[in-house]
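Single-letter residue listing:
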Amino acid sequence: MLFRSMAEDARIAVRNVRRDAIERIKDREKKKELSEDEMKRWQDRVQKETDSFIKRIDEILKSKEQEIMEV
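The structure displayed is predicted, hence computed values, not measured ones. (Residues numbered from 1 in each chain as written. Predicted model: local features only at pLDDT ≥ 70, side-chain atom pairs only at ≥ 80, totals over all residues. Heavy atoms only, no water.)

A. Examining the pattern of salt bridges more closely. Under the definition given, this model contains 10 salt bridges. Linking Glu-67 and Lys-64 is a salt bridge whose minimum nitrogen-to-oxygen distance equals 3.6 Å. Of this pair, Glu-67 and Lys-64 both sit in helix H2 (residues 36-70), three residues apart, roughly one helical turn. For Lys-64, a relative accessible area of 31% corresponds to the partly exposed category. Three or more residues joined by partner-sharing salt bridges are found here, namely Glu-8, Arg-11, Arg-15 and Asp-58. (Salt bridge = Lys/Arg side-chain N within 4 Å of Asp/Glu carboxyl O. Helix = DSSP H or I, 4+ residues; strand = E, 2+ residues; numbered from the N terminus. Buried < 20%, exposed > 50% of the residue type's maximum accessible area, 1.4 Å probe, protein only.)

B. Spotlight on the side chain of Glu-29. The residue Glu-29 is located in helix H1 (residues 2-30) in this model. The charged side chain of Glu-29 is buried without a salt bridge, its nearest counter-charge being Lys-32 at 5.1 Å. (Lys, Arg positive; Asp, Glu negative; His and termini not counted.)

C. Geometry of the environment of Asp-27. Here Asp-27 is to be found in helix H1. Taking the relative accessible area as the measure of exposure, Asp-27 reaches 40% and is therefore partly exposed. Distance from Asp-27 to Val-46, taken between C-alpha atoms, is 15 Å for residues 19 residues apart in sequence.

D. Focus on unusual backbone geometry. In this structure, Lys-32 takes a positive phi of about 65° despite not being glycine. Take Lys-32: it is sitting in the loop between H1 and H2. On the basis of relative accessibility, which here comes to 70%, the residue Lys-32 falls in the exposed class.

The following block contains the structure:
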């Protein structure tokens, strides 16, 4: 149960970073520092990285749970 809680905390942290990054990207687009297409590309990139980190967190959780079950 401890590992599940830690994994959820990690997922929340990753999502918070995603939210902050998306806000910064949108701010830059509003200031005309990025085009709308560039904004969309950056948002997609941030989402892909978020998905990658969430997947890795889930893999680590699964590994730890299997490790505990072996004991």
